[in-house]
Amino acid sequence: GNKGGIGQTWRLTMVTSPLELEQPLLDRPSRSSQGGGNKGGRFIKLYARFRTLLKTPLARVALLIFGILLVSRSVRDLDDFEMSYEEEERGCKKRFRRPTFAYEHPFVTSSYYTSSCNETILSMLEKKEEEKKKQYQPDAGRARKQMAVVRPICEFDAEAMPSTFRVWDHFPPCDVDRDRDTSVDFFVCYSQTYSDNTVAIRAADEMITMFHDKTIPWTKCFDNFYAIETDIAQELDLYIPSAREELYSWVNGPNRQFEGTYRALQYNEWGEYETYYMMEGDAIPVKSFWLDTLREEIRDKTPFAILGANFELNSNKNLENHRTFDPLPRINANRTTGNYIYNLSHPLLDAFVSQLEVEAPSPYNSIPFDERLVQLLEEGKTGAVPEIAPKIMLDEEGTRIEIANNTAALKKWVEEYTGPNEGWCQSNDTRYWISPYKETPELISVIPSSVVQEDLRDGSVIHAVKVYESWIKKRKERPLTLVISSRNASRTEEILASLDRKQHPFSKVKVMVDHSSTTVPNFSRHTGIPTRFQRRKEGWEYEENFDRGLMDICEADVSTEWFVVMDTDLDIRDVSEIYVATPPKCEPGAYHTYYCQRSSIRTANDLRAPGKRFRAPADVSKDWRPVVPFRPATYEHILQFPHQKKVLSRARSFLRLANKINETIASNENVKRVVYEWDAVYHSIYRDQFCYAWRQVYGECGEHLEAEPWGPTATDYYSFLGSTSLYGSYILRDSALYLHKSPFELSTQDEEVRKLKLRESKIL
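Computed from a prediction, not measured in an experiment: that's the story for all the values here.

Asks: Please provide a residue-by-residue account of the overall build of the chain, values included.
Replies: Along the backbone of the chain there are 21 helices and 23 strands. Classification of the 764 residues of the chain by burial places 51% in the buried group. Expressed as a percentage of contacts within the chain between residues at least 6 apart in sequence, the contacts between residues at least 24 apart total 77%.

Below, the structure written as structure tokens:
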């Protein structure tokens, strides 16, 4: 018995820790404790058997697995700990576990999936990916052809992008009851990096939610929705049309974004796509089932490298007089559009995209990618080398840059990379050309324009337009007063006599006449529209050089919420259109949360400053925003003309002086927009607040004015609104980028009169 006990004690000694060996003997378990039984001995035997078991291979494998699990759990806990700080930095309201798929290819190539704080969306996408993996069959990948539709977005238009799908409710992409032989995925491609822009992340969140809401019928036209990015540095993501003659990188953003999108789809990580349609936010569907139509066009026009359309003048009769008064957009110099359908499998297109990538640091980068693709084909076909703006061809020291001649290589590509039914073809003794760039009547491009829905007739998708509501259609619901600043009674009568035979939004007419006029014609006999006249106050004419039309902005007494002003140098157009932006109806079931959940117009009452506060009246319609064109204060459009510079200077000095009287009016020395009086739409209450401030500075009758312009201008009015937070009732559109018809036109075609009216004379 003692021998066995010694053996057991030896075993115990071998496995006891040094700390336990140093404990007093009384602290150790006694075999005779609590009745003197053999509990201690049984424990030693069990422990010995356990150690023997641990030496078996099976036990060691089990221990190894347990250790791995323990370590992985610790790593995950550490990841969660680190992730909580990452989510906090991104503005996430709570900690959550990001799904594993976000860190797997291809999703890991887009920071959206590792940056979005929308746990609901990520969980939904995780379930969808799990279902796709379960249903995946290796041999079924090519059962249907695959097509992608790509919507490129950038920093300045990301927030508004969800609203561009509003028109799809009226013109759905496909007939959902029709069998499709093509699988279509939708991509929203952000030019920079999602993780650096929470606005872009939220926009992608909203679009993904919308596309996965199958209660919206047209979402069934697409199999998947992906958010991708091209990771362009913010300082390189440039699009500056005004610098197209001077800066070689003015269009670097769109050029790099196109190349990145092309490569992302070509690598087949997201899917094995044969074609993709680049559909920018201003590409507007005008027919139902437009995607079905484009798929048919692809099938009928194959083979092709690019399928699309070039820029063309808008032939709509409403635009036939646009050269009379309205400036053509500067961007019209670009002859082509990137809204094409691209064939990812065509070797010639692949070679041309490689050439674009090589040319990125060269002066050729000053040419938009779409135009450059056309140039590359033309040079390969005919040898014609395109011209580049002279200033761009100079380096920093003013030395002309020498560019390598690629004509021979391009000709070789055109010969080798075109198929049997494209490129140079031979029939008997005749050699003829079939372009690999094919046109389709379903994709229409026009001069960038503001239009109403009724102008959109041809094709399936029209590019480069902003679609608004027509005030003409809402004339009864939204009364609008036409104020005629009369300088000539006979001309005023001619204008009134033409009203009834023209399309216009005017419900009432107010004719402003001089106080000294002894007799006033019966203006109302010329038109069925209610017409009244108003005499100007005595004292407004004390200066002969004062502009009556400008003074009438503040003097006209109108009873409607909105009004416009014209003088007798102008005519009313045959179709006198005023555009209005209206949000979608937010009835139950409407999905457009971007508009339906918008905050109300911020007013000057939010500014906690002393003095009279300028505020938006309670009855101002937040769903009725007139679209007003402006000219940017650049040398090309404004600064080269002395009279226009004075208009800008007056607006700045007015705000500066008004701020000294009332601190709630912000002083703005950086006014960069000029609005013409005939383009302006005035809100009567805003006008009253503006004129109150203007008279405080320049006197009741403008007696403190010392130089032109002799009276309040439209530029003063809109600058005032911008300085008092009342801007929200309007949309101001850059007429240098988008053609915007004025409701009025000059009564003469004389170019000198036109320049004088536009204040474009260079002689004071």
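Having seen the model, we can carry on.
Asks: Can you lay out the packing of aromatic side chains for me, pointing to particular residues and giving the numbers?
Replies: One pass over the full model with this rule turns up 51 aromatic pairs. Arranged with centres 5.0 Å apart and planes meeting at 80°, the rings of Tyr112 and Tyr113 form a pair that is edge-to-face. Here the two residues Tyr112 and Tyr113 agree in accessibility, since each one is buried. Ring plane angle 85° and centroid distance 4.8 Å describe the contact between Phe165 and Trp168, whose orientation is recorded as edge-to-face. By the burial criterion, Phe165 is buried, and Trp168 matches it. The ring of Phe165 has Arg151 sitting right over it, with the charged end atom 4.8 Å from the ring centre. In this structure, Arg733 packs its charged tip against the face of Tyr738, placed 6.0 Å from the ring centre.

Asks: Lay out the sheet that holds strand E15 (residues 531–535) in plain terms, naming residues and giving numbers.
Replies: Read from one edge to the other, the open sheet built from five strands follows the order E15-E14-E13-E16-E21, with strand pairing classed as mixed. At either margin of the open sheet sits one strand with a lone partner, and together these are E15 and strand E21 (682–683). Sheet topology places strand E14 (residues 508–513) next to E15; five bridges connect them, and they run parallel. Its bridge partner lying in E15, Val511 is registered against Phe533.

Asks: Residue-level account of the state of the cysteines, with values.
Replies: Inspection of the entire model under this criterion finds two disulfides. One disulfide bridge connects Cys174 with Cys221, the sulfur atoms lying 2.0 Å from each other. Judged by the torsion about the S-S bond (-95°), the Cys174/Cys221 disulfide is left-handed. Pair noted here: Cys174 is in the loop between strand E1 (145–153) and strand E2 (182–190) and Cys221 is in the loop between helix H7 (198–211) and strand E3 (224–229), with a separation of 47 residues, a long-range link. We note that Cys174, like Cys221, is buried. Between the sulfur of Cys554 and that of Cys691 lies a disulfide, 2.0 Å long from S to S. Between Cys554 and Cys691, the disulfide has an S-S torsion of -90° and is therefore left-handed. Here Cys554 is found in helix H15 (residues 548–555), whereas its partner Cys691 is found in helix H19 (residues 684–698), with 137 residues between them in sequence. Assessed through its relative accessible area of 2%, Cys691 is described here as buried.

Asks: Summarise the pairing of strand E8 (residues 423–427); cite the residues concerned and give the values.
Replies: Across five bridges, E8 lies against strand E9 (residues 430–434) in antiparallel orientation. Paired with Gly423 across the bridge in E9 is Ile434. The loop that links E8 with its antiparallel partner E9 comprises two residues; one of these, Asn428, has a positive phi angle of about 55°.

Asks: Lay out the sheet that holds E1 in plain terms, naming residues and giving numbers.
Replies: Pairing is mixed across the open sheet formed by seven strands, whose spatial order is E3-E2-E1-E4-E7-E6-E10. Each edge of the sheet is formed by a strand with only one pairing partner; in this case those strands are E3 and strand E10 (437–439). Here the strands of the sheet are splayed against their neighbours by 25° on average, with no regard to which way each runs. One ladder, built from six bridges, connects E2 with E3; its direction is parallel.

Asks: Describe a nonpolar patch on the surface, naming the residues involved and giving the relevant values.
Replies: Together, Val61, Ile65 and Leu69 line one region of the surface with nonpolar side chains, adding up to about 280 Å² of accessible area. Note that Ile65 resides in helix H5 (residues 57–89). Ile65 sits in the partly exposed class, given a relative accessible area of 47%.

Asks: Break down H19 for me, with residues and values.
Replies: Its 15 residues place the ends of H19 20 Å apart at the C-alpha level, agreeing with the 21 Å of an ideal helix rising 1.5 Å per residue. For H19, a buried count of eleven out of 15 residues is recorded, marking the element as mostly surrounded by other parts of the structure. For H19, the full list of buried residues reads Ser684, Tyr686, Arg687, Gln689, Phe690, Cys691, Ala693, Trp694, Arg695, Val697 and Tyr698. Of the residues flanking the end of H19, it is Gly699, one or two places downstream, whose phi is positive at about 95°.

Asks: Give me the side chain of Asp292: which residues, what numbers.
Replies: Mapping Asp292 onto the fold places it in helix H9 (residues 290–301). Since its relative accessible area comes to 4%, Asp292 is described here as buried. Sequence-distant contacts of Asp292, that is, excluding residues within four places in its chain, are made with Pro173, Cys174, Asp175 and Arg178.

Asks: Break down the environment of Ser684 for me, with residues and values.
Replies: Topologically, Ser684 is positioned in helix H19. On the basis of relative accessibility, which here comes to 12%, the residue Ser684 falls in the buried class. C-alpha of Ser684 to C-alpha of Glu561: the two residues are 123 residues apart in sequence and 5.5 Å apart in space. The contact partners of Ser684, leaving out residues within four places of it in the chain, are Val558, Thr560, Glu561 and Phe563.

Asks: Any chance you could break down the packing of helix H8 (residues 252–266) against helix H11 (residues 347–358) for me, citing the residues and the numbers?
Replies: The contact between H8 and H11 brings their axes to 10 Å, and the two run at 135°. Regarding the angle of H8 to H11, the classification is oblique. Helix-helix and strand crossings are classified by hand; for H8 and H11 the assignment is left-handed. For the pair H8 and H11, the contacting residues are Arg256, Phe258, Glu259, Tyr262, Arg263 and Gln266 in the first and Leu349, Asp350, Val353, Ser354, Leu356 and Glu357 in the second. Class assignment for the residues of the contact of H8 with H11 results in five nonpolar, two polar and five charged.

Asks: For unusual backbone geometry, give the residues involved together with the corresponding values.
Replies: Glycine aside, residues mostly have negative phi, and peptide bonds are mostly found in the trans state. Note that the residue after His105, namely Pro106, is joined by a cis bond; omega there is 5°. Mapped onto the secondary structure, Pro106 falls in the loop between H5 and helix H6 (119–135). Residue Pro709 is bonded to the preceding Glu708 through a cis peptide linkage, with omega at 0°. The backbone of Phe289 sits at a positive phi, close to 60°, despite the residue not being glycine. Here Phe289 shows up in the loop between strand E5 (283–285) and H9. Using a relative accessible area of 35% as the deciding quantity, one classes Phe289 as partly exposed. Even without being a glycine, Ala464 presents a positive backbone phi close to 75°.

Asks: Let's hear about the pattern of salt bridges: which residues, and what values?
Replies: Summed over the entire model, instances satisfying the criterion amount to 23 salt bridges. Here Asp514 makes a salt bridge to Arg536, at a shortest N to O gap of 2.4 Å. With a gap of 22 residues between them, Asp514 in the loop between E14 and E15 and Arg536 in the loop between E15 and H15 connect regions that are remote in the sequence. A single burial state applies to Asp514 and to Arg536, both of which are buried. Between Lys646 and Glu708 there is a salt bridge, with its nearest N and O atoms 3.4 Å apart. On the criterion of sequence distance, the pair formed by Lys646 in helix H18 (residues 642–661) and Glu708 in the loop between H19 and helix H20 (714–723) is long-range, its members being 62 residues apart. Residue Glu708 is classed as partly exposed on the basis of its relative accessible area, which comes to 27%. Salt bridges sharing common partners tie together Arg178, Asp292, Arg295 and Glu296.

The rules we used
- Residues numbered from 1 in each chain as written.
- Predicted model: local features only at pLDDT ≥ 70, side-chain atom pairs only at ≥ 80, totals over all residues.
- Heavy atoms only, no water.
- Helix = DSSP H or I, 4+ residues; strand = E, 2+ residues; numbered from the N terminus.
- Buried < 20%, exposed > 50% of the residue type's maximum accessible area, 1.4 Å probe, protein only.
- Contact = heavy atoms within 4.5 Å.
- Phe/Tyr/Trp six-rings, centres within 6.5 Å; stacked < 30°, edge-to-face > 60°.
- Lys NZ or Arg CZ within 6 Å of the ring centre and 35° of its normal.
- Pairing = 2+ DSSP bridges.
- Disulfide = S-S within 2.5 Å.
- Axes fitted to C-alpha atoms, helices over the stretch in contact; angles between N-to-C directions.
- Patch = residues over 30% accessible without salt bridge, like charges linked within 9 Å, V, L, I, M, F, W, Y side chains within 5 Å.
- Areas by Shrake-Rupley, 256 points an atom, 1.4 Å probe, with all protein chains shown as cover.
- Salt bridge = Lys/Arg side-chain N within 4 Å of Asp/Glu carboxyl O.
- Expected span 1.5 Å × (residues − 1).
- Parallel < 35°, antiparallel > 145°, perpendicular 65-115°, else oblique.
- Left-handed = near helix turned anticlockwise from the far one by under 90°.
- Nonpolar A, V, L, I, M, F, W, Y, C, P; charged D, E, K, R; others polar.

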